[in-house]
Structures are given as structure tokens and as C-alpha cells.
Amino acid sequence: MKKYDNIIFDVGDVLLEYRWKQMLMDCGLNEEEAVRVGRELFDDPDDLWHIFDLAVMSDEEILNAYCKKHPDDAEIITFFMHHGEFMHVPRYEIWKEVHRLKEAGYHIYLLSNYPESLFKKHTEYADFMNDIDGLMVSYMINITKPDERIYQALCDKYSLDKSKCLFFDDREENVLGARKFGMSSTLVTDKEFLLNELKKL
């Protein structure tokens, strides 16, 4: 008898890898410059990227706020924000395991923090989208992990028993949030670790 009925995945750095630094370097920045722009984007003191995930401002409003803060980097930031399709790399081996789990009778769900535009660019051609039974993404309800309400929203939407769910995420605070909610959760440290965990199932 299976311990879990439902396997839930974060997307970024779980089902996909992010190559934001390489993407910025592809635009002509050296590594140091790419890291600096990355910090401007992801470590903003006003939490602009988090607001982007929450979808409480439009994409253009977020972009304008970044460009106002960093006028010298406005051109590269604009390219980055408009071309999210260059930011990710598929994890095909993981996608195969997700499909195998689906065929073995598990229900597959996504639970992720994402703005709508970027989520669609990152999942448009992803095979795992054919295997999922449902999803809850931050932009849909303006709530992000590790807020307990997003875990509850997924369970409510699909009538899931949280004690029968296993959640994979690459951020410790999201794993702890899931556990606090009462859902088993595993911290994904890298692709190989996740591959081994899925094969155990």
C-alpha cells in the first residue's frame, strides 16, 4: 500500500533549472556584472520579485519600478523581464520520473510561486504539464509559499488529504511551511537527489 496518494512539485529548480546568470552573460555581461544585476532583480530591498510572484502589480509596473531604481541597467533588465523563455532549462530525466509516477497511480500536482507571464513561458512546452492533475500558483490567489493559505488552497481545490501528500521544494522555508501545515515535504538539493527520491517512490 502506498504511503502517499499525491505527489506535489514546486517548478523552479525542481522540475526546471534556472540559468538566469548565463542568460545575462549571453547578453554580453561578464560574470561579475551578471551577478550584480541578478542581485538587483532577486534581492531587491522592496521585495519586487516577491510582488511579481504575488501578481498584485502588472508586469510593466514591476519593470518600471526596477528601471527607475537601476537606470544604468534598465536595458538589460527590460530584456530579462521580457524574455523569460531564455531563463530555464528542462530537467528531462525528472519529467520521465514524473510520468512514471503518474502511470503508477499517483496524482501529480504543482504548487509554485510564479507571476502568470513567466509561469506560462516556463511550462508551455513542458511534458510534465500533460501528467498533472491540478495546480496552484501564487499569481492565481495573490498568496505565496510559505504562507499556509496556499497549501490549504491547493488541498481545498482538489479535495486532497494533506496527510497523503508529499511535497518537493528547493527552498527550506517552503518545506518547513508545508510541514507546519501538516504535509510531508522534502527539500530538493539538486537534480540527482530528486531523481533518487522519485525512483524510491
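In what follows, the structure referred to is the one given above.
Cut-offs and rules
- Residues numbered from 1 in each chain as written.
- Predicted model: local features only at pLDDT ≥ 70, side-chain atom pairs only at ≥ 80, totals over all residues.
- Heavy atoms only, no water.
- Pairing = 2+ DSSP bridges.
- Helix = DSSP H or I, 4+ residues; strand = E, 2+ residues; numbered from the N terminus.
- Axes fitted to C-alpha atoms, helices over the stretch in contact; angles between N-to-C directions.
- Parallel < 35°, antiparallel > 145°, perpendicular 65-115°, else oblique.
- Left-handed = near helix turned anticlockwise from the far one by under 90°.
- Contact = heavy atoms within 4.5 Å.
- Buried < 20%, exposed > 50% of the residue type's maximum accessible area, 1.4 Å probe, protein only.
- Salt bridge = Lys/Arg side-chain N within 4 Å of Asp/Glu carboxyl O.

A. Seen up close, the pairing of strand β7 (residues 184-187). Strand direction decides the pairing type here: strand β6 (residues 165-169) and β7, joined by 4 bridges, are parallel. By the bridge assignment for β7, F168 is matched with T186.

B. Quick look at the packing of helix α4 (residues 59-69) against helix α5 (residues 74-82). At their nearest, the axes of α4 and α5 sit 9 Å apart, and the two run at 155 degrees to each other. Considered as vectors, α4 and α5 are oriented roughly antiparallel to each other. α4 and α5 meet at a crossing whose hand is right-handed. Along the contact surface, α4 presents E60, I62, L63, Y66 and C67, while α5 presents A74, I77, T78, M81 and H82.

C. Up close: unusual backbone geometry. Backbone torsion omega between K145 and P146 reads 10 degrees, so that peptide bond is classified as cis. Here P146 shows up in the loop between α8 (138-141) and α9 (148-158). Positive phi outside glycine occurs at A55, with the angle close to 60 degrees. Looking at the secondary structure, you find A55 in the loop between α3 (48-54) and α4. On the accessibility criterion, A55 (31% relative accessible area) is partly exposed. Residue N142 is not a glycine yet carries a positive backbone phi of 60 degrees. Inspection of the secondary structure assignment puts N142 in the loop between α8 and α9. Residue N142 is classed as partly exposed on the basis of its relative accessible area, which comes to 38%.

D. Highlighting the pattern of salt bridges. Counting across every chain of the model gives 17 salt bridges. Where E197 meets K200, a salt bridge forms, and the shortest distance between an N and an O atom there is 2.9 Å. Remark: K200 and E197 occur in helix α11 (residues 191-200); sequence separation between them is 3 residues, near one turn of the helix. Judged by its relative accessible area of 18%, E197 is buried. Taking relative accessible area as the criterion, K200 reaches 65% and is therefore assigned exposed. Put simply, D10, K145 and D169 are held in one network by salt bridges that share partners.

E. A look at the sheet that holds strand β1 (residues 6-9). Reading across from one edge, β5-β4-β1-β6-β7 is the order of the 5 strands in this open sheet, with parallel pairing throughout. Each edge of the open sheet carries a strand with a single partner, namely β5 (134-137) and β7. Pairs of neighbouring strands in the sheet enclose a mean axial angle of 20 degrees, with direction left out of account. Sheet topology note: the β1/β6 ladder contains 4 bridges and is parallel. Counterpart to I7 in the pairing with β6 is L166.

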